[in-house]
Amino acid sequence: MKINVIAVGRLKEKFFVDAVNEYAKRLGAYCDFSVTEVAAAPPAKSPAEQSTEEGENLLRKARGFVVALDGRGKTLSSPEFAATISAECTKGVSEFSFLIGGSHGLCDRVRERADMVLSFGKMTFPHQLFRIMLCEQIYRALTINAGTPYHK
């Protein structure tokens, strides 16, 4: 299985980079994992133009089963998230792309193209921290599916 996290913007602080790298290392035991960063749109554009440009950049990189991370999406528990990944794999899906938008969120086109729109709740999280949270939840889901004791 291949899992791609595709996010707008770069992680700047070393501790965020280190955290993502730690989960990438752990995930290597379960899948072919990658993180791809796409450039944020220039701030001279309107918020709608920025999210549209960033959304198109995200979609160009997306492969397989596409999950858009958006506050308007479906909320799942960790076991439900694991079950969703497992069910899609059973249907023959071998690649997943998780899309994280920029500061203005995802444009309608990304949500419409996505096979699933997923929310981590109604709270707003910093994009850098959210990337780590997503990596952790992917790791948790794969350990649940593998039957390892990480998830308690």
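You'll find the structure just up there.
So, here is what we can say about the structure in this document. Remember, predicted model here, so these are calculated numbers, not experimental data.

Okay, the nonpolar core next. Note on soluble globular proteins: their nonpolar side chains tend to be buried together. Grouped together as the largest cluster of nonpolar side chains are 29 residues, with contacts concentrated most on Ile3, Phe98, Leu134 and Ile138. Elements supplying a minimum of two residues to this core: strand 1 (2–8), helix 1 (14–27), strand 3 (65–75), helix 3 (78–90), strand 4 (95–100), strand 5 (116–119) and helix 5 (127–146). It is helix 5 that provides the largest number of residues to this core, a total of eight residues. In this view, Ile3 contacts Cys31, Asp32, Phe33, Ser34, Phe96, Phe98, Ile138 and Leu142; residues no more than four positions away in its chain are not counted. In terms of nonpolar packing, the next biggest core, distinct from the first, is built from 13 residues, Ile6, Ala68, Leu106 and Cys107 among them.

Take the pairing of strand 2 (residues 32–38) next. As a general feature of sheets, a regular strand has side chains that alternate between the two faces. As paired strands, strand 1 and strand 2 are joined by seven bridges and run parallel to one another. If you follow Ala7 over to strand 2, its bridge partner there is Glu37. Handedness of the β-α-β unit built from strand 1, helix 1 and strand 2 comes out right-handed.

It is worth spelling out the pattern of salt bridges at this point. Throughout the structure, instances matching the rule amount to 14 salt bridges. Where Lys91 meets Glu88, a salt bridge forms, and the shortest distance between an N and an O atom there is 3.2 Å. Glu88 gets classed as buried once you look at its relative accessible area, which sits at 13%. A salt bridge links Asp108 to Arg111; its shortest N-O distance comes to 2.3 Å. Of this pair, Asp108 and Arg111 both sit in helix 4 (residues 108–113), three residues apart, roughly one helical turn. Looking at Asp108, the relative accessible area reads 48%, which means it is partly exposed. Three or more residues joined by partner-sharing salt bridges are found here, namely Asp70, Arg72, Asp108 and Arg111.

Quick look at helix 5 now. Taking 1.5 Å as the rise per residue, helix 5 with 20 residues should run 28 Å; its terminal C-alpha atoms sit 29 Å apart, in good agreement. Taken across its 20 residues, helix 5 has 14 buried, putting it largely inside the fold. Gly147 sits one or two residues past helix 5 and shows a positive phi near 75°.

Okay, the packing of helix 3 against helix 5 next. At a closest axis distance of 8 Å, the pairing of helix 3 and helix 5 adopts a crossing angle of 70°. Relative to helix 5, helix 3 is oriented roughly perpendicular. Judged by residue contacts, Ser78, Pro79, Phe81, Ala82, Ala83, Ile85 and Ser86 of helix 3 engage Gln137, Ile138, Arg140, Ala141, Leu142, Ile144 and Asn145 from helix 5. Class assignment of the residues belonging to the contact of helix 3 with helix 5 gives a composition of nine nonpolar, four polar and one charged.

Structurally, Met116 can be placed in strand 5. Remark: the alpha-carbon pair of Met116 and Leu59, spanning 57 residues in sequence, is separated by 14 Å. Among all residues touching Met116, those that are not within four sequence positions of it are Phe65, Val66, Val67, Ala68, Leu76 and Thr84.

Quick notes on the rules
- By convention here, each chain's residues receive numbers from 1 onward along its written sequence.
- The predicted nature of this model means local features are confined to residues of pLDDT at least 70 and side-chain atom pairs, given and counted, to a pLDDT of 80 or more, with totals for whole chains, interfaces and linings taken over all residues.
- Only hydrogens and water are set aside; all other atoms, that is, all heavy atoms of the structure, feed into the side-chain values.
- Among the buried residues, those of types Ala, Val, Leu, Ile, Met, Phe, Trp, Tyr and Cys that are joined through side-chain atoms within 4.5 Å form a nonpolar core.
- Each residue's exposure class comes from its accessible area (1.4 Å probe, protein chains only) as a fraction of the maximum for that residue type: buried when under 20%, exposed when over 50%, partly exposed otherwise.
- We count a stretch as a helix when DSSP gives it H or I for four or more residues in a row; a strand needs E for two or more, and each element gets its number in order from the N terminus.
- Contacts are assigned to residue pairs that have any heavy atoms within 4.5 Å of one another.
- We treat two strands as partners when DSSP finds at least two bridges between them.
- If the strands point away from the viewer and the path from the first strand over the helix to the second runs clockwise, then the crossover is right-handed.
- Here a salt bridge means any side-chain nitrogen of Lys or Arg lying within 4 Å of a carboxyl oxygen belonging to Asp or Glu.
- To estimate the expected span of a helix, subtract one from its residue number and multiply by 1.5 Å.
- Under this scheme, a helix contributes an axis fitted over its contacting stretch, all axes are lines through C-alpha atoms, and angles between N-to-C directions fall in the 0 to 180 degree range.
- Angle categories are assigned with fixed cut-offs, so that under 35 degrees is roughly parallel, over 145 is roughly antiparallel, 65 to 115 is roughly perpendicular, and the rest are oblique.
- Side-chain classes follow a simple rule in which Ala, Val, Leu, Ile, Met, Phe, Trp, Tyr, Cys and Pro form the nonpolar group, Asp, Glu, Lys and Arg form the charged group, and the remainder, Gly included, forms the polar group.

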